[in-house]
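Examining the three-dimensional arrangement
So the chains spell out like this:
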Amino acid sequence: MDLFEYMREQKKESESPLASRLRPKTLEEMVGQQHIIGKDKLLYRAIKADKLSSIILYGPPGTGKTTLAKVIANTTSAEFMQINATSAGKKDMEEVVAQAKNNQGMYGRKTILFIDEIHRFNKGQQDYLLPFVEDGTVILVGATTENPYFEVNGALLSRSIIFELKQLSKEDIKTLILRAVQDKERGMGAYDAEIEEDALEFLADMANGDARAALTAIELGILTTARGEDGRIHITLDVASECIQKRVVRYDKSGDNHYDTISAFIKSMRGSDPDAAVYYLARMLYAGEDIKFIARRIMICAAEDVSNADPMALVVATSAAQAVERVGMPEAQIILSQAVTYVASAPKSNSAVCAISDAMETVKNTVTAPVPVHLQDAHYKSSGKLGHGAGYKYAHDYPNHYVEQQYLPDGLTECRFYHPSENGYEKNIREYFHKIKGMQEKEDEK
């Protein structure tokens, strides 16, 4: 490192954001994640003993994945190298591997490679690392906000231990905020600021477990707030609310939170809990989810889980889908709320799902039998000569507009696919079938 690079690093350290400056340098300084870095835990022991094997750190933003990697860098005697998958290419990895081989061959030193956002690497890039992880050329420390079981190659996963970092508690966030306000070396202590208790509670709550969001807010508050008459900077509730104007919501449209939230949304409607359903609707809307996507899920739920127990559910859901496209936000949230609460409150039946599932299975596993002759089309040319349509009974010519005749192909006449439930309108359907078939039997007896 030359003089200019040294000065650049020093300046970067002093002028970097508070969240970066305040990163712990030792395991003892870390806040939260005691389930993996408590003194009796495997990861703590491995880091302390400098016997780390390849690991994947998985968790939401702001929970300490990069921080933990930095702690490993400060603790290990191995060469520590870092790349970010959002900007690194194969050439960068080739340089790292070449350096790792030199470290191993010339100095007998291990190399720990930290890859931030490892899920951003494509399959080919991940495959390139595999042999070097396998033979110990590099010890991989990967960090990801996405579920590694979906985003990281199975071969790499099988050679790594996965540690899941949890969302920080409110008390953890309060500890970090107070450290930021009071620390004179790496924090904002030199500004002689103090934070009021209600402001501390508010920031810790609004950060929703994201340490970076909380520290960014407190830094902004201290830097932009004028000193009081006593010469100190006072972080009040009003100041705190200006610095973090919207709650941090954990919702990545392509990540686990997206799928978990939409799953809870659907299951709440299916489970007839309108309160939970509208809550998850609000979470998605707050996070900026596409209203057309939400409307499509409501329509599917109306058909799949309400079905003919309340045929109006699909009508309401479909109308809502059309309306939200014409109206847009913010009023579209009212329309979606109406549809969600209607579907959630409607009687439930999955008879339509069962009917089509059973019918599809039958089609798949049986020979394609010809349509009964009397049901075949008698209008096209030459159909009359072939006898198509002969013997067909027109239902409206019979009492109750119903007549018994064969509709299913030969060999399938005993199949029953649609079984109306006892719920809602489907109870009427069951009674209707029982009624008209009973009347038909009486007609046949005459």
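These numbers were taken from a predicted model, which means no experiment stands behind them.

Topic: the side chain of Ser307
With respect to the helices and strands, the residue Ser307 is situated in the loop between α16 (291-306) and α17 (312-327). Judged by its relative accessible area of 9%, Ser307 is buried. Excluding residues within four positions of it along the chain, Ser307 makes contact with Ala302, Ser349, Ser351, Ala352 and Glu426.

As for the packing of α16 against helix α18 (residues 332-345)
α18 packs onto α16 with a crossing angle of 15° between their chain directions and a minimal axis gap of 10 Å. The orientation of α16 with respect to α18, classified from their angle, is roughly parallel. Seen along the crossing, α16 lies across α18 with a hand that is left-handed. Contacts from Ile291, Ile294, Ala295, Ile298, Cys301, Ala302 and Val306 in α16 reach Ala332, Leu336, Ala339, Val340 and Val343 in α18. For the contact of α16 with α18, the per-class residue count stands at twelve nonpolar, no polar and no charged.

Re the pattern of salt bridges
Following the criterion strictly, the structure yields 17 salt bridges and no others. Across the pair Glu164 and Lys166 runs a salt bridge whose closest N-O atoms are separated by 3.7 Å. A relative accessible area of 37% places Glu164 in the partly exposed class. Two residues, Lys292 and Asp290, come together in a salt bridge whose shortest N-O distance is 3.6 Å. On the basis of relative accessible area, Lys292 is assigned to the partly exposed category, the value being 37%. A relative accessible area of 31% means that Asp290 is categorised as partly exposed. Overlapping salt bridges, with partners in common, bring together Lys170, Glu171, Lys174, Glu197 and Glu201 in one network.

As for the sheet that holds strand β1 (residues 55-58)
Spatial ordering of the open sheet is given by β2-β3-β4-β1-β5, a layout of five strands whose pairing is parallel. Two strands in the sheet have a free side with no partner beyond their single neighbour: β2 (79-84) and β5 (161-164). Taken pair by pair, the neighbouring strands of this sheet meet at an average axis angle of 15°, ignoring direction. Two elements, β2 and strand β3 (residues 111-116), share six bridges in a ladder whose sense is parallel. Residue Met81 lies in a different strand from β3, and its bridge partner there is Leu113. Contacts from helix α6 (residues 90-107) reach β2 and β3, with the element oriented near 175° to β2.

As for the side chain of Asp116
When you line up the elements, Asp116 lands in strand β3. A polar side-chain atom of Asp116 sits 3.4 Å from a polar atom in the side chain of Thr66. Non-local contacts of Asp116, meaning those with residues more than four positions away in its chain, are made with Thr66, Ile83, Asn84, Ala85 and Ala143.

Observations regarding the packing of aromatic side chains
What the rule picks out here adds up to four aromatic pairs. Centre to centre, the rings of Phe80 and Phe114 are 6.4 Å apart; their planes meet at 25°, and the pair counts as stacked. Pair noted here: Phe80 is in strand β2 and Phe114 is in strand β3, with a separation of 34 residues, a long-range link.

What about a nonpolar patch on the surface?
Together, Tyr392, Tyr394 and Tyr407 make up an exposed nonpolar region whose accessible area comes to about 340 Å². The residue Tyr407 is located in the loop between α19 (351-365) and α20 (424-445) in this model.

Notes on α17
Each full turn of the α-helix corresponds to 3.6 residues, which orients residues three or four apart in the same direction. Compared with the 22 Å implied by 1.5 Å per residue over 16 residues, the 22 Å span of α17 between its first and last C-alpha is a close match. Looking at the buried residues of α17, the elements they touch are α16 and α18. Gly328, located one to two residues past α17, shows a positive phi value of around 75°.

So, helix α7 (residues 123-134)
Compared with an ideal rise of 1.5 Å per residue, which puts twelve residues at 16 Å, α7 spans 17 Å between its outermost C-alpha atoms and is within 8% of the ideal. Within the span of α7, buried status applies to Gln125, Gln126, Tyr128, Leu129, Leu130, Phe132 and Val133. The elements touched by buried residues of α7 are α6, β3, β4 (139-144), α8 (148-151) and α9 (154-158). Structurally, the start of α7 carries an N-cap: the backbone nitrogen of Gly124 is 3.1 Å from a side-chain oxygen of Asn122. Positive backbone phi, at 85°, marks Gly136, one or two positions downstream of α7.

What about a negative patch on the surface?
A cluster of like negative charges, contributed by Glu196, Asp198, Asp238 and Glu242, occupies part of the molecular surface. Residue class for Glu242 comes out exposed when judged on its relative accessible area of 58%.

Looking at the pairing of β3
If a strand is regular, its side chains alternate between the two faces of the sheet. Among the six residues in β3, six count as buried, and that is most of the element. In β3, alternate side chains face the same way, and those of Thr111, Leu113 and Ile115 on one face and Ile112, Phe114 and Asp116 on the other are all buried. Note on the crossover from β2 through α6 to β3: the handedness is right-handed. Inspection of the sheet shows β3 paired to β4 by five bridges, in the parallel sense. Counted as the bridge partner of Leu113 is Leu140 from β4.

Some remarks on the packing of helix α10 (residues 170-182) against helix α12 (residues 211-224)
Where α10 meets α12, the axes come as close as 10 Å, and the angle between the chain directions of the two elements is 35°. The crossing of α10 and α12 is right-handed. Facing Ile173, Leu176, Ile177, Ala180 and Val181 of α10, the residues of α12 in contact are Ala211, Ala214, Leu215, Ile218 and Ile222. Partitioned by chemical class, the residues of the contact of α10 with α12 number ten nonpolar, no polar and no charged.

Describing the confidence of the model for the protein
Per-residue pLDDT for the protein has a mean of 85; in total, 89% of the residues score no lower than 70. Least confident of the elements in the protein is helix α1 (residues 3-15), whose mean pLDDT is 53; most confident is α18, at 94.

Cut-offs applied
Every chain is numbered on its own, with residues counted from 1 as its sequence reads. Under the rules for a predicted model, residues below a pLDDT of 70 receive no local features and side-chain atom pairs below 80 are neither given nor counted, while totals for whole chains, interfaces and linings still include all residues. To obtain the side-chain values, all non-hydrogen atoms of the structure were used and water was disregarded. Strands here mean DSSP runs of E at least two residues long; helices mean DSSP runs of H or I at least four residues long; both are numbered from the N terminus. Remark: exposure states derive from per-residue accessible area (1.4 Å probe, protein chains only) relative to the maximum for the residue type, with buried under 20%, exposed over 50%, and partly exposed in between. Here a residue-residue contact requires only that any non-hydrogen atoms of the pair lie within 4.5 Å. For every element, the axis is a line fit to its C-alpha atoms; helices are fit only across the contacting stretch, and the angle between N-to-C directions ranges from 0 to 180 degrees. Roughly parallel here means an angle under 35 degrees, roughly antiparallel means over 145, roughly perpendicular means 65 to 115, and every remaining angle is called oblique. Note on convention: the crossing is left-handed when the near helix lies turned anticlockwise from the far helix by less than a right angle, right-handed when the turn is clockwise. Classification convention: Asp, Glu, Lys, Arg as charged; Ala, Val, Leu, Ile, Met, Phe, Trp, Tyr, Cys, Pro as nonpolar; all other residues, Gly among them, as polar. Salt bridges are identified by distance alone: a Lys or Arg side-chain nitrogen within 4 Å of an Asp or Glu carboxyl oxygen. For two strands to count as paired, DSSP must find a minimum of two bridges between them. Throughout this description, a polar contact denotes any pair of N or O atoms lying within 3.5 Å of each other; where both atoms belong to protein, one of them has to be capable of donating a hydrogen while the other can accept it, and for residues adjacent in sequence the pair is counted only when both atoms sit in side chains. Aromatic rings from Phe, Tyr and Trp, taking only the six-membered ring of Trp, are treated as a pair when their centres fall within 6.5 Å; an angle between ring planes under 30 degrees marks them as stacked, one over 60 as edge-to-face, and anything in between as tilted. Like charges within 9 Å and nonpolar side chains (Val, Leu, Ile, Met, Phe, Trp, Tyr) within 5 Å are joined into patches, using only residues over 30% in relative accessible area that form no salt bridge. Throughout, the Shrake-Rupley method with a 1.4 Å probe supplies accessible areas, and for residues the shown protein chains are the sole cover considered. Here the expected length of a helix is defined as 1.5 Å per residue gap, with one fewer gap than residues. When charges are counted, Lys and Arg contribute as positive and Asp and Glu as negative, whereas His and the chain ends are disregarded. A single reference atom marks each charge: NZ on Lys, CZ on Arg, CG on Asp, CD on Glu. Consider the strands pointing away from the viewer: the crossover is right-handed when the path from the first strand over the helix to the second runs clockwise. By definition, pLDDT measures how confident the predictor is in each residue, and it falls between 0 and 100.

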